[in-house]
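Examining the three-dimensional arrangement
For reference, the chains in residue letters:
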Amino acid sequence: MRKFSALLFLLLLVNFPARSQSNGATVSGLIKDKNTFSVMAYANVALQRSSDSMVVFATISNEQGRFMLEKIQPGTYFLVCSYTGYLSKRQVLVVGTINNFLEMGSIELTPDAASLTGVTVVGKQAAVTARMDKKVFGVTENLSQAGGSVLDVMKNIPGVTTSQDGKISIRGSDKVMVLIDGKQTALTGFGGQSSLENIPASAIERIEIINNPSAKFDANGNAGIINIIYKKEKKEGFNGKIGISGGLGALWIKAGNYPDIRPQYQRTPKFNPSLSLNYKKNKVNLFLQADDLYTHTLNKNEFSDRIYDTGDTIRQQLKRNRITHLVTVKSGMDWTVDASNTFTISGLFSSEKIIDRGDQPFFNGSLTERKRLWQFLEDELKTTATASAGWQHKFIEPGRILNAGINYTFHREDEKYFFTNILPAYTGLDSFKLISDEHVLDLTIDYVEPLRYGRLEAGLKFRGRSIPTNMLFQPGINSPLDVDAGGWATYKETIPAVYGNYILENNRWEMEAGLRVEYAHLNYEVNPDHPTYSSDGYDYFRPFPNLRLAYKLNEHNKLVVFYNNRVDRPNEVDIRIFPKYDDAEIIKVGNPALRPQFTQTMEFSYKSDWAKGYLLTSLFHKRTTATIARIGTIVPGNTLIYNVFQNAGRSSNTGMELMVSHKTADWATLSLNLTGYYNRIDAFTILNKYPQESLYSAEQQQIFSGNIKLNGLFKLASNWESQLSAIYLAPDIIPQGKIRARFSIDMGLKKKTKSGKGEWFVNATDIANSLRIKREIVGDGFSYSSIDYLETQVIRMGYNIKF
């Protein structure tokens, strides 16, 4: 009860509006293009005396197109807005003595047809925002991954790396919170990451990378936040975009199969039609985004050698041919009731069908004797539905805003596995069926109060999450499945939170100081017949502070210091009690006793920009307690390896990141990203309970790792554009071992039609076919090395047209 009382007290504190007195009035507004309704950054805004047209105040609009003029004394003025290639707009402004805040609303500038003859003006959002709190990357600018997935696009984003299991990492950590339009959804995962490889890039407008999130965001995800922004037009009238793309992957065999198994996929087809529609009239804006993604993929082709201290050696191949069919529809409506109130209602539906056909032969060390062949068919259907409603109220004072929202998500995982276990003496047929229904309800309130030199942000959030799961095993002859480990389990999570942010800015300094307070309660109920695990859970009540302090050396150079506290709560699949048999002898199991890991982050950054480019360099240090990792152990007398999530003690990550981009010529822009870090996992000892209790101890691991990304964009003749990207990932440590270096080159071409509304593209990933995933693992009583020759080389082409 004390915890909830303290939480209520903090809620009252952070939501109490703070007001300030100032001399003179504040005038603000938004600059837009009259034809496209897009915001215009860096437009000139001048205030002239009506008596003699003398300029008394001047500024430029920010990256969101907004401007603000402060300390304006009572009188009559002309407000003049201008931008190169546009007609200037002048309007009368009367400043009185009653209102201290004057909101001018949207000021629309009309393109000057005469000055634009023979000239193409292209607006592009800065990769690094002026506040340096996030990096923004447009998906349409990524030519080498057009027609692919969101995961494909991530490969070329500075500071982000991807793995063969569909996960992304930032600066060496995969503890990333992925949002869609600023919200967590089951489509990308609430606690971890999922299905990024199956979200079509054609549906996405841009991707935001937030390394040091403010208190406004959930505290989950120590590596930061990736915010995926769906396309949403707001042009007047009816408009949209139609696209279609197709491709082929696995054009050549990287490594042939072991004997007597089914062929691996070759020349795998990819097909992705997409549709974007928008209708805006007066106060109503309707939008729809629909995608249909159909792919065949050589999802895995891993060769492993396991060596045991007993002298036994097992050589195996795990080949997985995958068919994926994903349909996604996102639709909604914006209703501007009046100048002060806007309602938004939206929904998303996704149906993902996955068919996996796998073969896994096991041989002796000399490949002269096959011990057994494990074949499986996975038939999985994932269904996701979300419904969101939001209300925004703008007060009379410019910048004072109240937002309220509700978001409900339903996600069903219907998974069936059918196994054929072929041994010299017999053939066994086994199967299991899993049903998991996830229900999530989020309620949010956010408030912004403008101050004389900044603003105050405050809000609250409540989350309720429930995931009942049921696993049914159906064993065959001499079944290797642990049939007693089935049954039911229910995951229940409740998280109320409040936050407050104070933002201050003057001509030299910027400060953002925030505090988020969360209470988390998790209860994991396990059926009482489970042979190993019992019901468990955890709760915590703690603050998560953040600080951003910036000093402006001049107009083009800035220094910033960040401090952040974050948490990584175990996802439901991390604690799920049911063993998974898509690898028959390296078995993955969850752990209900898993606890959250907590991370402190400090970062020092410097940014310099010039007319044709920018430089951003950062030094960072992370320190994590109760590090979550999969740990492999064996049972004496058995060659099966059990990979179970554990809290592996302390770890740290210290490094530097450098981003530099420069327009070397009118037709060429080169970008380089270097990330280097010292990764360390301290010595630890854990108690593994599945399938029977065993202690495991590991010595300290450490390595210097990082990655290099080089990207070139080139404008060619006849409306052609090209891109060439090269990526090098250095060796890195993973729990109990290492992952070796990886390298790939991607390229793409795009041609716009004469009308400017259509475009053709063609691209190829991993054109040298050089990408392989090599791992080395050392455990108590065993070691193994593996090379995964999964599909990485894909050629795509497509066409998009706007109307």
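Preceding block: the structure.
Criteria and cut-off values
Residues numbered from 1 in each chain as written. Predicted model: local features only at pLDDT ≥ 70, side-chain atom pairs only at ≥ 80, totals over all residues. Heavy atoms only, no water. Pairing = 2+ DSSP bridges. Helix = DSSP H or I, 4+ residues; strand = E, 2+ residues; numbered from the N terminus. Axes fitted to C-alpha atoms, helices over the stretch in contact; angles between N-to-C directions. Buried < 20%, exposed > 50% of the residue type's maximum accessible area, 1.4 Å probe, protein only. Contact = heavy atoms within 4.5 Å. Core = buried A, V, L, I, M, F, W, Y, C linked by side-chain atoms within 4.5 Å. Salt bridge = Lys/Arg side-chain N within 4 Å of Asp/Glu carboxyl O.

**So, the sheet that holds strand 1 (residues 25-33)**
On the basis of which strands lie adjacent, the open sheet formed by three strands has the order 4-1-7 and mixed pairing. Each edge of the open sheet is held by one strand with a lone partner, namely strand 4 (66-72) and strand 7 (101-109). Going across the sheet, the axis of each strand differs from the next one's by a mean of 20°, ignoring polarity. One ladder, built from five bridges, connects strand 1 with strand 4; its direction is antiparallel. Looking at the pairing, A25 lines up with I72 of strand 4.

**Comments concerning the side chain of S744**
Note that S744 resides in strand 40 (residues 742-752). Using a relative accessible area of 11% as the deciding quantity, one classes S744 as buried. Among all residues touching S744, those that are not within four sequence positions of it are S725, A726, I727, D766, S770 and L771.

**A few points about unusual backbone geometry**
Omega for the bond connecting Y690 with P691 falls within 30 degrees of zero, at -5°, which places this linkage in the cis form. Along the chain, the position of P691 falls in the loop between strand 34 (684-688) and strand 35 (694-698). One non-glycine residue with positive phi stands out, namely D766, at about 45°. If you trace the backbone, D766 turns up in the loop between strand 41 (758-765) and strand 42 (773-779). Accessibility expressed as a relative area gives 2% for D766, which makes it buried. The phi dihedral of N769 is positive, around 55°, even though this residue is not glycine. Looking at the element boundaries, N769 is found in the loop between strand 41 and strand 42. What makes N769 buried here is its relative accessible area of 16%.

**Examining the nonpolar core**
W374, F419 and Y524 are the most contacted members of the largest nonpolar core, which has 54 residues in total. Setting aside its immediate chain neighbours within four residues, W374 contacts G358, D359, Q360, F362, F419, T420, N421, P480, L481, Y581 and A584. Membership of the second largest hydrophobic core comes to 28 residues, among which are V139, I157, I207 and L616.

**Some points on the pattern of salt bridges**
For side chains of opposite charge, pairing can occur when their charged atoms come near one another. The final tally for this structure, using the stated rule, is 47 salt bridges. K750 is paired through a salt bridge with E759; the nearest N and O atoms lie 3.7 Å apart. Each member of the pair, K750 as well as E759, carries the same accessibility label: buried. A single salt-bridge network, built from bridges that share partners, covers D218, D442, K461, R463, R516, E518 and R569.

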